[in-house]
Amino acid sequence: MSYDVKGIREKFPILSRKIDGKPLIYLDNTATSQTPQSVVDAIVSGYCDTKANVHRGVHTLSQEATELQEESRRRVRDYLGASSVEEIIFTRGTTESINLVASSFGSLFPQDGEIILTVMEHHANIVPWQLLQSRRPDLKIRVVDINDRGELLLDQYRSLFNEHTCMASFCHVSNVLGTVNPVKEMIDYAHSKGVPVLVDGAQAVPHIHVNVAELDCDFYAFSLHKMYGPTGIGVLYGKKEHLLRMPPYQGGGEMIAHVSFEGTTFADLPFKFEAGTPDFVGIGALPKALDFINEIGIENIEEHEQELMEYAEAKMREIPGMRIFGNAPHKSAVISFLVGDIHHYDMGMLLDKLGVEVRTGHHCAQPLMQRLGISGTVRASFAAYNTKDEVDAFIAALHRILPILS
Ligand code: PLP
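So, here is what we can say about the structure in this document. None of these values were measured; they are calculated from a predicted model. (Residues numbered from 1 in each chain as written. Predicted model: local features only at pLDDT ≥ 70, side-chain atom pairs only at ≥ 80, totals over all residues. Heavy atoms only, no water.)

**Digging into the pairing of strand S11 (residues 256-260)**
Alright, step 1. Bridge count for S11 against strand S12 (residues 263-266) is four bridges, and the pairing is antiparallel. Bridge pairing in S12 links Val259 to Thr264. (Pairing = 2+ DSSP bridges. Helix = DSSP H or I, 4+ residues; strand = E, 2+ residues; numbered from the N terminus.)

Printed below as a string of structure tokens:
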């Protein structure tokens, strides 16, 4: 069956809008993807038909809302290949998922423990560990470097492990370089040293097949808004053996078994980590995002995005002064670039005038920018609904703006 990009685009109302009278060409999918009507309809239904707080009522609405939320948890479990709903925790996003692990699992780290990160991490996988370190100054953070293509130095990664190493945490796919890291190999190595691993999957789940059982990772974090789902919802997958040992991350309603001023006992998994009212409307709508991906097939989405990226990169390389950051053979649908000494911000501003929405700046990866010796890039990134015509329009827009800026 051929890839029906026209049919896919029709599911996204926003794709027919104009920017300054020009057709919208949305190439900022790494920051957030657009949302199909089916997800929007499910959110509307969550407000119009079933809104009641979850897990709190005996009444019909509350039971329906609770069932929607728990069905979503089962869907995420199945999508990820996790073994139990107890291992699926709803959070506000990748950021909160990683903060949860750093704060809670991190509180169990031994004296003088060492955490291995990589230089290509998003701030969301750096700062939570630094916050932990500010409370536990005995902890050390060690950082894996990259080569010129933007691949992790695996020999260096292996050499950083020692008897103090208590955690490794790295992205599955870089949000700047697009590099798809060999996470299975990295996890296996960490496990051979008895070290648990968190994988930041924010840029992987929307683009490639992910199965936590196959990966055997200890934790896996991602955000729904980057994968055609509602905003403000993330997932933390965690192995039950770890989650059982971990103290709660936040306290409040929902996460308790019994509260008294003499002492409080906590709810079972996964609720122990879900204090307060969640975005149950958004969570209830997320299966529609998974349906959208499943109907096309994640492998087909990946193939389509790869074609777009390769097509775009080939045309971009013809532009004098073009520098593309991230040239790993195994790369996801992200192109970060600069042209000559033109400022990324100026390129982004002018591209916007032509309807092309790209991201500019450090992409929440300042240590990586420092490593690359630049202050930022322009970043074009693709999703299931982008087309070759859009790539042509983007390239044409570059050809129009570069003489102005040079
Ligand atoms: N990790 C990576 C690799 C990302 O690309 C992002 C967002 O761009 C995040 C973490 C943070 O995601 P969120 O803002 O949804 O929590």
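**Describing the pattern of salt bridges**
Alright, step 1. The full count for this structure, using the stated rule, is 24 salt bridges.
Alright, step 2. Glu70 serves as the salt-bridge partner of Arg73, at 2.7 Å between the closest nitrogen and oxygen. Of the two residues, Arg73 and Glu70 are both situated in helix H3 (residues 60-80); the distance of three residues between them amounts to about one turn of the helix. Accessibility classification places Arg73 together with Glu70 in one group, the buried group. (Salt bridge = Lys/Arg side-chain N within 4 Å of Asp/Glu carboxyl O. Buried < 20%, exposed > 50% of the residue type's maximum accessible area, 1.4 Å probe, protein only.)

**A closer look at helix H11 (residues 298-316)**
Alright, step 1. The end-to-end C-alpha distance of H11 is 26 Å, a good match for the 27 Å that 19 residues give at a rise of 1.5 Å each.
Alright, step 2. Structurally, H11 contributes buried residues whose contacts are with helix H1 (5-10), H3, helix H10 (280-296), strand S13 (322-325), strand S14 (334-339) and helix H14 (388-405). (Expected span 1.5 Å × (residues − 1). Contact = heavy atoms within 4.5 Å.)

**Structural notes on the pairing of strand S17 (residues 377-381)**
Alright, step 1. A large share of S17 lies buried, amounting to five of its five residues.
Alright, step 2. Side chains Thr377, Arg379 and Ser381 project from S17 onto one buried face, and the interleaved Val378 and Ala380 project onto a second face that is buried too.
Alright, step 3. Bridging between strand S16 (residues 359-361) and S17 involves three bridges; their strand directions are antiparallel. Looking across to S17, one finds that Arg359 is bridged to Arg379.

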